[in-house]
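Chains, contacts and geometry: an overview
Residues per chain, in single letters:
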Amino acid sequence: MSCLCLKKIRTSVAVALFAVSVCGAASAPDPAEAFRRPPQTAKVGVWWHWMGTGVSREGLVRDLDWMAESGVGTVVAFAGPDVSAPGKVELAGGPSEDLVAATPAWWALMRFAVAEAVRRGLEVGLHNCPGYSHSGGPWTRPEHAMRELVFEQDGRRLGVGGQPFAGPLVDAREIARYSLPSGELVVSHVAKPSFNSPAQKDATGYECDKMSAAAVNAHWDHVLDDVKKALGDFIGKGFNFLHVDSYEAGTPSWTPQMREAFRKRRGYDPIPYLPSLAGFAVSGARAATFRRDFDRTVADLYRDVFFRLSRDRLHAVGLAFSCEPYTGPFETEACAAFVDRVGTEFWSGGCPWDGYELPSPGQWGRVRDSHFPQGVPNRLFEAEALTGWPESSRWDETPAKLKPFVDFAFARGINRLMLHSVALQPWGDGIRPGMTFGCWGTHFGRTQTWAQDAAAFFAFISRCQALLQWGARADDARWPGGDWGQFVRRSGDVTVRFLVNPSATNFTLTARGEWFDPATGEIGAPPSVVAPGQSGFLVTGRTEGLSPEPPPLPAAELTGTWTIDWASAAPGPSPASLRTVRPFFDWTTSGDDEIRHFSGTATYRLSFDCPDAATVTAIDLGDLRGNSARVRVNGVFLGTVWAPPHRVRVRPGLLKPTGNRIEIDYTNVWANRLIGDERFPEVCERRTAQCLGREIGSRPTRYPAFLKTGRLPPDTRRRTFSMWNYFTAESPLVPSGLVGPVSSMVNAK
C-alpha cells in the first residue's frame, strides 16, 4: 500500500466501449467452463489486516467462514498496529492485550488461522514482516540496516543532496577523508532510520539493507525460521507465498559492499567522487557521470541482491515470492522478473474513466509487456485493489460504487484482484461495524451491511478473472481506447473480449457472438445495447455466434399495496413496518428519523397479478440508489441485483396470471446510521487525526471497556461502534431506498 498520485488522463473518444481481448491458447479449456466454474487462481483474494491487539480466535474463525461462504479464494494476512491513522497508533485494553506480532504467541495464533483457512479451501499468504512496508523488524541489527552517507566538515553534518543531517549517528563507519579548500571533509555511513511500518512498537525494527547479501540473508534467516517452525507443514499445502508490499522505505546511499560493487559494474573507484553527492565540487574524468553511475549501481544491487535473493530463499523452502515491485530506487521492469506473483495497486475515489488513471501507467505497461508477453498463456497480473482514501471509503462504499474501478483495472490488463481490505473483526454481532484498518478502506468483511451480497460481487470478479486469465495474450488494434490495455489471446478462431461502457449513454453493439455476463453468470446472445456502466465478454469463434438482441421492454409496473419490513444491521430496534401503495422513495427524505438514519436491509413485499405472465422474461428494479437487492418471486431466488442493468431474468412458467408474490431484500450502507448516532453522546474518548494537512476523523484513545462485554453500554442511544469515525451529525446522508419503479419486462419484437 502506498499513497501514489493518480494521474489525469485524457481521451478524445466521447462515447467509447473499452475492450480487453483474450484468445484461447491451444491448451486452453472451453472458456464457458472457466466462466461457469472459475479456477482457484481466478477467485477473488483479500488482504486480512490483524490490527495490533485487536484480534481474537473467535473473530478470525467467523471472518474465515464469511470469506469461504462469499467465494474468496486467497487471503493475505498482515500484522498492523491497533490503528493506522496514517502511521501507527497503539491502544491499551485490546481483546488480546499482550499480543505482539511475530512473537511465539502471535505465530501460534497465525498457525491456528492458517489451519482454519486451509480447512475451508482458502489459499493463504503472509506479509514478510509486521506492517505493510517493507522487509525488516526487531531482528535487524544496526550493521544490517539500510545505510546512508554523512558528510562532516567544521562541525556541520550534511546528507546526500547537501541538506543538514539531523539524525543520530548509529553504527557510524568512516569511509574516507578529503582535504578540500573549504576544510577537511569526513565521509561516513550510518544506519538509516528506516523501519518496517506501520507496526506495533515492539514489532518494529530497522529495514534490512537491500543491497547487502549478508543483511538480506539475515532477514530471511529469521523470517523463514519462524515460518518453518509455525507453518512448515502447511507450506505448499495451502500456505503458498510470502508477500513484500509496495516500497516505502526511502532511498539508501551506501552499503558496505558499495565500493567493490561499483568498481565491478562501472569500472572505476567511486571514492574520489563521493563529496559531489553532498554538493562539494570534485574534479576527475568521471565527475559529470558519477551521480548517474551511482544511482545505476544502487538499482543494480536492489535487483541482484534483494530481489534475486528473496526469490531464491523463498523457492528453497517451497514458497512463492509475491511483491509490488515499484516506487523504489530500482527498475520495476528488471526487478519484476524475479517475482512469482507480480502485483501493482489501484485505489478507489473519483471517477476512474473521467480524470483518473491507475498509478504509474508507464511502469505498469512495461511490466505488463515484459512479464506478460504476447503468445504466452496463463500469466497473472495481480493488484492490491480498491484501497480507499478516507474521503472515498467511509462505510459508504457499495459494489456498484466500486465496479467502475474494477472494470478499469480489468481493461488495463489486471487479472487477479486482492481486495483491500478485510480488518479482522474480534467481536461478535453486538459490536458493529467494528474494527477498521484505521482510516483506510475499502471496508470489506462480515460486518458490512451488504456482507451477504458480497458473494454476487465476488462472483462477478471471479468470472471476469477466469476469462482474463484464459489463453494467451496478443494485441488487437481494432477496438478503441488508445492506451487502455487492449488484449487479444488467440487459439484458432476463439476470441474473448472484455467490454465495458464507461460513458453516461448507451452503446450500440453490432458484432455477432456470445455474451458472457459476469454479473449474472448467464451466457447468451450479445445485447444490442450496452448500458452505462455495464460490462461483459463478447466471445467469438466458439460457436457460429448469435446476432445482438435488443433489451427487453417494460410491460407493466408492479403496483398494489406493498409491505416494507426493516431489519437493522445495527443492534437495537428497527422502524415499524409500512404498508403503502407508494413504497418507492429515498429514505433520507423521510420525516421519520429511524428511516432517515436506517442502515441495513428492508424487505419489500407485494402480491400481484400478471395477465401477461407467459410473455414476461425479466423484472426490472429501476433506481437502486447505487445499492444492492436480492429478488425472490413465488419463493424462487432469482439473483442479487447490484450492477446495471438492474434486472433479473424470469424463467418460463414461474409467473402465474394471478396470485404472484415478489420479495426484494434491499440493503444500503452503514453511513446513515453512523451519522445518526453522532446526535448522541460518545461512548468513549476519541482523538482526531489528520492526513495530508486535513482532518480525516477520529479514533479511540484506548479500547473502550464495554467492548469486552460484546455489546454497547446499556445507557447509550447509539447503535454503532466503529474504530474509525468519519462523520459528524451534520454529514450528508447517503441516498438510500428502492426508488424503482419495479416493472415486468417482455422481449422486444
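What you see is a predicted model; the values in this text were computed from it and never measured.

**A look at the packing of helix α9 (residues 399-411) against helix α10 (residues 454-468)**
- At a minimum axis separation of 11 Å, α9 and α10 run at an interaxial angle of 10°. Taken together, the axes of α9 and α10 are roughly parallel relative to one another. Only Phe 457, Phe 460, Ile 461, Cys 464, Gln 465 and Leu 468 of α10 make contact with α9, whose side of the interface consists of Pro 399, Leu 402, Lys 403, Val 406, Asp 407 and Phe 410.
- Residues of the contact of α9 with α10, tallied by class, amount to nine nonpolar, one polar and two charged.

**Quick look at unusual backbone geometry**
- Cis geometry marks the peptide bond from Ser 197 to Pro 198; its omega dihedral reads -15°.
- Turning to its location among the elements, Pro 198 is positioned in the loop between β8 (183-191) and α4 (213-231).
- With omega at -10°, the peptide bond leading from Pro 644 into Pro 645 counts as cis.
- Looking at the element boundaries, Pro 645 is found in the loop between β27 (636-641) and β28 (647-649).
- A positive phi angle, close to 55°, is found at Asp 171, a residue other than glycine.

**Section: α4**
- Over its 19 residues, α4 extends 25 Å from the first C-alpha to the last, a length consistent with the 27 Å expected when each residue adds 1.5 Å.
- All of the buried residues in α4 are Ala 215, Val 216, His 219, Trp 220, Val 223, Leu 224, Asp 226, Val 227, Ala 230 and Leu 231. End-on view of α4: buried residues confined to an arc of 155°, all on one side of the axis.
- As for α4, its buried residues are in contact with α3 (104-119), β9 (239-244) and α6 (290-316).

**Things to note about the packing of aromatic side chains**
- In this structure the tally under the stated criterion is 40 aromatic pairs.
- Ring geometry for Trp 47 and Phe 78: centres 4.5 Å apart, planes at 40°, overall tilted. With Trp 47 in strand β2 (residues 45-51) and Phe 78 in strand β3 (residues 74-80), this residue pair connects regions lying 31 residues apart in the sequence.
- Residue class for Trp 47 comes out buried when judged on its relative accessible area of 3%.
- Taking 5.2 Å as the distance between ring centres and 75° as the angle between the ring planes, the aromatic pair formed by Phe 460 and Trp 642 counts as edge-to-face. Of this pair, Phe 460 sits in helix α10 while Trp 642 is found in the loop between β27 and β28, placing the two residues 182 residues apart along the sequence.
- Overall, Phe 460 belongs to the buried group, its relative accessible area being 0%.
- Taken together, the ring pairs in this structure connect Trp 66, Phe 444, Trp 450, Phe 457, Phe 458, Phe 460 and Trp 642 into an aromatic cluster.

**With respect to the environment of Ala 166**
- Examined against the element boundaries, Ala 166 turns out to sit in the loop between β6 (156-158) and β7 (173-180).
- A C-alpha to C-alpha distance of 66 Å links Ala 166 and Phe 637, two positions 471 residues apart in sequence.

**Here we look at the packing of α3 against α4**
- Between α3 and α4, the least distance of the axes is 9 Å, while the angle of their chain directions is 55°. Overall, the two elements α3 and α4 adopt an arrangement that is oblique. Between α3 and α4 lies a crossing of right-handed hand. On α4, the residues touching Trp 107, Met 110, Arg 111 and Val 114 of α3 are Asp 226, Val 227, Ala 230 and Leu 231.

**Details of the sheet that holds β2**
- Strands sit in the order β2-β3-β4-β9-β10-β11-β12-β13 around a closed barrel of eight strands; the barrel is parallel. Adjacent strand axes in the sheet meet at a mean angle of 30°, parallel and antiparallel pairs treated alike.

**As for the nonpolar core**
- Counting 126 residues, the largest nonpolar core has Trp 50 and Phe 239 as its most contacted members.
- Ranked by the residues each element gives to this core, the list is headed by α6, at 10 residues.
- Among residues more than four places away in sequence, those in contact with Phe 239 are Val 114, Val 118, Val 124, Gly 125, Leu 126, Val 227, Leu 231, Phe 234 and Leu 319.
- The next biggest cluster of nonpolar side chains, apart from the first, holds 45 residues, and it includes Met 435, Trp 440, Tyr 726 and Phe 727.

**Regarding the confidence of the model for the protein**
- When pLDDT is averaged along the protein, the result is 91, and 90% of the positions lie at 70 or above.
- Confidence drops under a pLDDT of 50 for residues 3-16, and excluding neighbours within four residues, the segment shows 31 contacts in the predicted structure.
- Per-residue pLDDT stays below 50 along residues 477-483; that stretch engages in 18 contacts with residues further than four places along the chain or on separate chains.

**Regarding the pattern of salt bridges**
- For the structure shown, the criterion picks out 55 salt bridges.
- With a closest N to O distance of 2.6 Å, Arg 605 and Asp 565 form a salt bridge. One end of the pair, Arg 605, is in strand β24 (residues 600-608); the other, Asp 565, is in strand β22 (residues 562-568), with 40 residues separating them in the sequence.
- Relative accessible area serves as the criterion here: at 22%, Arg 605 is assigned to the partly exposed category.
- Note on Asp 565: relative accessible area 24%, which makes it partly exposed.
- In this structure, Asp 677 engages Arg 673 in a salt bridge whose closest nitrogen and oxygen atoms are separated by 3.1 Å. You can see Asp 677 and its partner Arg 673 sitting in helix α12 (residues 671-677), four residues apart, about one turn around the helix.
- Residue class for Asp 677 comes out buried when judged on its relative accessible area of 0%.
- Counted as one network, the salt bridges with shared partners bring together Arg 265, Arg 266, Arg 296, Asp 300, Arg 303, Asp 304, Arg 308 and Glu 331.

**Quick notes on the sheet that holds β28**
- Strand order in the open sheet formed by four strands is β21-β33-β25-β28, and the pairing between neighbours is antiparallel. Sheet topology places β21 (553-557) and β28 at the edges, where each strand pairs with a single neighbour. Sheet twist, expressed as the mean angle between neighbouring strand axes with direction ignored, is 35°.
- The pairing of β21 with strand β33 (residues 743-746) spans four bridges and is classified as antiparallel. Residue pairing for β33: Ala 556 is matched across the bridge by Ser 744.

About the criteria used
- Note on numbering: residues in each chain are counted from 1, in written sequence order.
- Reporting in this predicted model follows two pLDDT cut-offs: at least 70 for local features of residues, and 80 or more for side-chain atom pairs to be given and counted; totals over whole chains, interfaces and linings ignore these cut-offs and use all residues.
- For the side-chain quantities, the full set of heavy atoms in the structure was used; hydrogens and water were omitted.
- Fitting a line to C-alpha atoms yields each axis, with helices limited to the stretch in contact; the angle taken between N-to-C directions then spans 0 to 180 degrees.
- Here a strand is any run of E in DSSP of at least two residues, a helix any run of H or I of at least four, and the numbering for each starts at the N terminus.
- Relative orientations are named as follows: roughly parallel for angles under 35 degrees, roughly antiparallel for angles over 145 degrees, roughly perpendicular for angles from 65 to 115 degrees, and oblique for any other angle.
- Note on contacts: a residue pair is in contact if any heavy atoms of the two residues lie within 4.5 Å.
- When residues are grouped by polarity, Ala, Val, Leu, Ile, Met, Phe, Trp, Tyr, Cys and Pro land in nonpolar, Asp, Glu, Lys and Arg in charged, and all others, Gly among them, in polar.
- To estimate how far a helix should reach, multiply one less than its number of residues by 1.5 Å.
- Per-residue accessibility, obtained with a 1.4 Å probe over protein chains only, is compared with the maximum for each type, and a residue is labelled buried under 20%, exposed over 50%, and partly exposed between these values.
- Starting at the helix axis, one direction is taken to each C-beta atom, and the arc is that of these directions.
- Aromatic rings from Phe, Tyr and Trp, taking only the six-membered ring of Trp, are treated as a pair when their centres fall within 6.5 Å; an angle between ring planes under 30 degrees marks them as stacked, one over 60 as edge-to-face, and anything in between as tilted.
- A crossing counts as left-handed when the near helix is turned anticlockwise from the far one by less than a right angle, and as right-handed when that turn is clockwise.
- The rule for pairing is simple: two strands pair if DSSP sees at least two bridges between them.
- Residues belong to one nonpolar core when they are buried, are Ala, Val, Leu, Ile, Met, Phe, Trp, Tyr or Cys, and are joined through side-chain atoms within 4.5 Å.
- Across the chain, each position has a pLDDT score giving the predictor's confidence in that residue, from 0 to 100.
- We define a salt bridge as a side-chain nitrogen of Lys or Arg found within 4 Å of a carboxyl oxygen belonging to Asp or Glu.

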